[in-house]
Each structure stands twice: as C-alpha cells, then as structure tokens.
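Letter by letter, the chains look like this.
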Amino acid sequence: MTDFKNIIAEAISKAVNLGREEIYDYIEVPKDTQNGDYAFPCFKLAKSLKKAPPLIAKDISEKIEIDKNKIVEISIVGGYLNFYINKDLLTQEVLEQVEMQEDYGKKEENSVGKNIVIDYSSPNIAKPFHIGHLKTTVIGGALYNIYKYLGYNVIGINHLGDYGTQFGKLIEGYKLWGNEYDLSEDSIDKLAEIYKRINILCKEDERVLDRCRENFKLLEQGDEYCTKLWQEFKDLSIKEFQKIYDLLGTKFDSWNGEAFYADKTDEVIELLEKSGKLVESEGAKVVDLSDKGIDTPCIICKSNGSTIYATRDLAAILYRARTYDFDKCLYVTSYEQNLHFKQVFEVAKLLGINEKYTNGLEHVPYGFVRLPTGKMSTRLGNFVKVEDLLNETIEKAKKIIEEKNPDLENKEEIAKKVGIGAVIYNDLATSRIKDEIFDIDEMLNFQGETGPYIQYMYVRTNSVLGKVRKIPEVKDLKINLLQDKYSQNIIKLIYNFEDVLNQAIAKSEPSFLARYLMDLAKAFSSFYNENKIICDDKDLQDARIYLTFSTNKVLRNGAELLGIKMPEKM
Ligand code: ARG
C-alpha cells in the first residue's frame, strides 16, 4: 500500500534539504481531518532553518514536488502544512489488501529468521497464582501472538519458580503433616498452609530449620525421596495453573523453570570469576554494580554456597542464547522486579556472550492489579483465587447475556468468550505500567470501553453481513461512494493496522492494539448509526457492505491477537 507519510516526508526533506528520518518523525496526524490527513509542524525546523514557521511553510509549499495523484492538496494554516491524500486511492488500496490477505496486516519483511523469546506467566509452584500473574500471562500471550503474526519465530517460556531453599522446608512440612491434607483438591492452598506452618516451627526450633536445609541439599543432590515429593508438588501446582491457562487459551513452547538451571549455575560462577568482577562480601559472592549506577550489588552465591534467583536467570540467559539464538528476550513481570532485571542484565554483560544477546534483553514491567475494595475481596476471602475470579466473570457474563438475549443458543460458550474477553481487555486496555482495578462489573459493561463492547460491535457487523446473499468483490465496487467522513474514518484505521502491530511490539505495548480495536469498534458504531448500510442503492450498499466486511475481519484478527475470542452472536 502507498506509504503516504513516507511520500510526504521525502518530499519535504528534498524541499528543505534535511534528513528524511527527522522529518518523518515530526509528521502528525491531525485529530480533525479538516486539517488534513497529515500535518507538518514547521516550527520544528525554525531553529535549523533560522526562519519563522509561517515562512518555512510557504517556502516548502512552493518548492515541494509531490505526486498529485497521491497528495491532492496542500494548505498552509499558520505554521502548519496540511496534506490531503487521495481518498479513493487509499480506499481502493485498503479494500484490495483486505480482500487479498486472509491475515490482513501480516507482514514478514523485517521478521524472517528473527528469534524472539518471551518469558511470561512464570508463577511459583506451591504458591497461589495471583492476579499479577494473570497480567503477565495476558500481556505475554498478546505479545507472543503479535510477534508470530508479523512473522517472527517466537518461543514462549513459562519460567516456573520451582526451585529454592523453600522446597527443603516444604518437604519437611509434608513429612510432618502431609497425611492431614487431601492434596487432590485445592492443592496449592494446602501446600501454602503447610509452608506457613513449617516456617513457624522453624522459628521456634533451630533443629527443624537444619532438617529443612538438609532436605534441600538432598534435593540438590538428586535424592530419590525428596525429588519425588518435589515433583509431586510441581505436578499438583501445574495442574491448577493449567485450569487458568485453559480458560485463557495460554500456551507455552517451554516449561523450563528455575530448577532446570540448577545444574547450570556453575558455569555462570566460573565465567564471572574469570571476569574478575566476582568479589567476596560478608561470605557471599557478589558483583558490585555501583559503577553502573546500581547501588545494590548482585548476589550470585549466598554465604552458605547456594545460588539464588538471579544466578538461575543468568544461567537461563546463557542457555537461551545458545539454544534459541535470540534477537530479543523479553521478561514480562511486575515492576517490583525492576532492580532484579537491571542487575541481571548488567551482570550478563560479564558472561562473555555476544553483544547481540545482551542488547536483546528487555524487561517488560507492568503495574499493580487491585481488587475494588469491599466487593469480591471480602466475599471470596483474602485469598482471591484467579480461577474463581475468571469463573465468576464468566458467570456474570452469562447472566447479562441471558437477560439481553434469552433465545440465544450456546450461551455457555458465548459467556466464556465474553467473560474471558472482558478480563483480557481489562488487563490490556491501558499502558501496562499503570495500576489497574479488577472490577468485574466495570469490565462487563457493554457500553463502556470494554472487551464486550468490541465483541458487541463485531456481532453487529456479523448481523449486517448476514443480511446479504454474498460479499461483493472489490473490483466491482464504486469506491468513490465511501468518501464520507464515517467511512473514511474506518478506512484510515484499517490502513493503520499493520503500523499499530509494529508499534505494539516496538514498545512491548499490546495496549496499542487494544486501544486501536476500541477506536475501530467506535468508528463502526458511528458509521452504522449515520449511514444506512442495507439500502435501495445497490452500489452504495455494496460499498458499505464491503467496508463492514473489512471491519469485521480486522476486529476479529486483532482481537484474536490479544487472546480475545469473538462470539458470532451475543
Ligand atoms: N517466578 C517469578 C514470580 O512469580 C517470575 C519469574 C519471571 N521470569 C524470570 N526469568 N525471572 O514473580
């Protein structure tokens, strides 16, 4: 498709003799199309050209050479140059592209042969999967899908927290009280309780603590009994996590968690020793990072000789570099782990691996998720289980659907799509670093900026399309019947789809796509309210039907990338 922005950037750049890149970045898309489809704020060049913006605008407009078939008009408003593109050309190209490409917006230009590792979800076994883990699961899953759509080779990793001295304690607790618990149900809660009890006992009795340490040592050495218990805790936990993954549709290519790296940390220590940066501090081995602006040293080995979370993350970097030859390795966690990743990424530079790898490491932090005070938090008790929250959302969605559309078939299935869609959209609606409130009623508001709203608009496109016998072909359309502002709004959004996907991965912000889908859904709503789609004028109807069809396709493809499934009816 014609890259209008680029054409404008090149033409301006020639006219003023400045770099295209810089000009390109300055070009804006005016809020009101009255002011053009693109605008160039000339004051950005006032300094380098030593001229007043209106003068620059005039100069450029006189000198500029631009294809009149693509840019039909240029106007000067104050210090701005406004560019008007050829609407019919844009419409024609967009609709043709939609017709040609089943996966509209999919482009593989920059992505072929590039490997992207995404470390997401990554809950800790024998501990509750909390509402923050839900967010990494949703964000990571969306990034995974978008990268894949754009042609990257993606490796999704669930870096389970399945290792550490706490398992020595859990084994001891299980030995003492295991027979009191039926672990076939709610196993994580019960394991968490055992863990709490053993911790209390450890504080009271030093000998118990010693036994816990001994268990962990045995586990490290591969002792049969301890390993068997640990494996059981792990299996039970995964079984519970899997229920959530099934609801959300989450998949991973690898489940290599921390334990997988337990026998791979020696190399990390050797490499760091060789670098000369590993120093003793109060019996521990640490890397001092103060010259890198990080005040807290990174502990590699504790004084008792055992490694920590960070050591295993370093071993994982080595392993992932060798196994996946990654161009990027993303870590989606709460921002509470900012320091951890700063340290680990800095220390990774001392491992002697290619810079390509250390440059490719990227932490993708997100903000807190809170429950609205008073509501569910009290009713469901202090331990709000994510699985319960998801099921509760589905239940509520079902009630709403039953009220709105009692005759609907497959209500269960639709309620699941709507409920889960609502949760996913809520997790992705705002930029990830912002704190978020998990309010089920809010996220299920069909009139709000919610997942169900987008689904509802999609369903509306479906019912419109259901009224015609056949979707017309683009070659038979009278493109110039789509010049009105509501149609053009949609055309432009669809034109931007690929760009939005690229921005979403560039900034690791699936929220860009979430916002985009909301804009598209709203644009369709206005189009639908203002224009009669099914009408007596066959040409007009065909053109509008095709636009509806295009919206339908992009809404569905886009939502699926976020992990939101579209109901055909609701
Ligand atoms: N298990 C950690 C947690 O629950 C997250 C792990 C993130 N991934 C990593 N490679 N450190 O907070």
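You'll find the structure just up there.
Treat the numbers as computed from the prediction; the structure is a model and nothing was measured.

(A) Up close: the overall build of the protein. Across its full length, the protein carries 22 helices and twelve strands. Burial analysis of the protein (570 residues in total) assigns 53% to the buried set. At a minimum sequence separation of 6, the contacts of the protein that also span at least 24 residues come to 73%. When the accessible surface of the protein is split by element, carbon and sulfur atoms take 47% of a total near 26900 Å². On the protein, the mean spot of the 78 positive side-chain charges and the mean spot of the 92 negative ones are 2 Å from each other.

(B) How the structure looks around the layout of surface pockets. Its volume calculated, the second largest pocket comes out at about 430 Å³. Considering the residues around the second largest pocket, the lining is formed by 27 residues, among which His133, Thr333, Ser334, Gln337 and Tyr366 are closest to the centre. For the lining of the second largest pocket, the class distribution of residues is nine nonpolar, 13 polar and five charged.

(C) Structural view of the packing of helix α16 (residues 386-404) against helix α17 (residues 411-428). The geometry of α16 relative to α17 is characterised by a closest axis approach of 8 Å and an angle of 120° between their N-to-C directions. Relative to α17, the element α16 is oriented oblique. Crossing hand, α16 versus α17: right-handed. Taking contact as the criterion, the partners of Leu390, Thr393, Ile394, Ala397, Lys398, Ile401 and Glu402 in α16 are, on α17, Lys411, Glu412, Ile414, Ala415, Lys416, Val418, Gly419, Ile420 and Val423. A per-class count over the contact of α16 with α17 returns nine nonpolar, two polar and five charged.

(D) Molecular detail of the sheet that holds strand β1 (residues 38-41). Spatially, β1-β3-β2 is the arrangement adopted by the three strands of the open sheet, whose pairing is antiparallel. Each edge of the sheet is formed by a strand with only one pairing partner; in this case those strands are β1 and β2 (71-77). In this sheet, neighbouring strand axes are inclined to one another by 20° on average, regardless of whether the strands run parallel or antiparallel. Sheet topology places β2 next to strand β3 (residues 80-85); six bridges connect them, and they run antiparallel. Considered in β3, the bridge of Ser75 is made with Asn82.

(E) Structural detail: the site of the ligand. In the vicinity of the ligand, the contacting residues are Asp119, Ser122, Asn124, His133, His159, Tyr309, Asp313, Tyr331, Thr333, Gln337 and Phe341. His133 is positioned such that a nitrogen or oxygen atom in its side chain is 2.8 Å from an oxygen atom of the ligand. Tyr309 has a polar side-chain atom sitting 2.7 Å from a nitrogen atom of the ligand. Protein burial of the ligand: of its 350 Å² of free accessible surface, 89% is covered by the chains. Tallied by class, residues from the shell around the ligand come to three nonpolar, six polar and two charged.

(F) Structural context of unusual backbone geometry. Not every positive phi belongs to a glycine, and Ser122 is a case in point at roughly 45°. Within the secondary structure layout, Ser122 lies in the loop between β4 (115-119) and α6 (131-149). Positive phi is not limited to glycine here, since Ser508 has a value of about 50°. Looking at the element boundaries, Ser508 is found in the loop between α20 (485-506) and α21 (510-530).

(G) Structural context of empty space enclosed by the protein. On inspection of all chains with the given rule, the structure shows two cavities of 30 Å³ or more. Reported here for the largest cavity is a volume of approximately 110 Å³. Lining the largest cavity, in full, are Pro128, Phe129, Ile188, Asp189, Glu240, Phe241, Ile244, Val384, Lys385, Val386 and Glu387. Mapped by element, the contributors of at least two residues to the lining of the largest cavity are α8 (187-204), α10 (224-248) and α16. By residue number, the principal contributor to the lining of the largest cavity is α10, which donates three residues. Of the residues in the lining of the largest cavity, the class split is seven nonpolar, no polar and four charged. Roughly 30 Å³ of volume is contained in the second largest cavity. Every residue along the wall of the second largest cavity is listed here: Tyr425, Gly451, Ile454, Gln455, Leu517, Ala559, Leu562 and Ile564. For the lining of the second largest cavity, the elements supplying multiple residues, two or more each, are α19 (451-465) and α22 (538-562). Of all the elements, α19 adds the most residues to the lining of the second largest cavity, at three residues. Looking at side-chain class alone, the lining of the second largest cavity contains six nonpolar, two polar and no charged residues.

Rules behind the numbers
Residues numbered from 1 in each chain as written. Predicted model: local features only at pLDDT ≥ 70, side-chain atom pairs only at ≥ 80, totals over all residues. Heavy atoms only, no water. Helix = DSSP H or I, 4+ residues; strand = E, 2+ residues; numbered from the N terminus. Buried < 20%, exposed > 50% of the residue type's maximum accessible area, 1.4 Å probe, protein only. Contact = heavy atoms within 4.5 Å. Areas by Shrake-Rupley, 256 points an atom, 1.4 Å probe, with all protein chains shown as cover. Lys, Arg positive; Asp, Glu negative; His and termini not counted. Charge placed at Lys NZ, Arg CZ, Asp CG, Glu CD. 1 Å grid on protein atoms, 1.4 Å probe; cavity = no way out; pocket = protein on both sides within 12 Å on 5 of 7 lines; lining within 4 Å. Points joined across faces, edges and corners; volume = space filled by probe spheres on them. Nonpolar A, V, L, I, M, F, W, Y, C, P; charged D, E, K, R; others polar. Axes fitted to C-alpha atoms, helices over the stretch in contact; angles between N-to-C directions. Parallel < 35°, antiparallel > 145°, perpendicular 65-115°, else oblique. Left-handed = near helix turned anticlockwise from the far one by under 90°. Pairing = 2+ DSSP bridges. Near = heavy atom within 4 Å. Polar contact = N/O pair within 3.5 Å; in protein donor to acceptor, adjacent residues only side chain to side chain.

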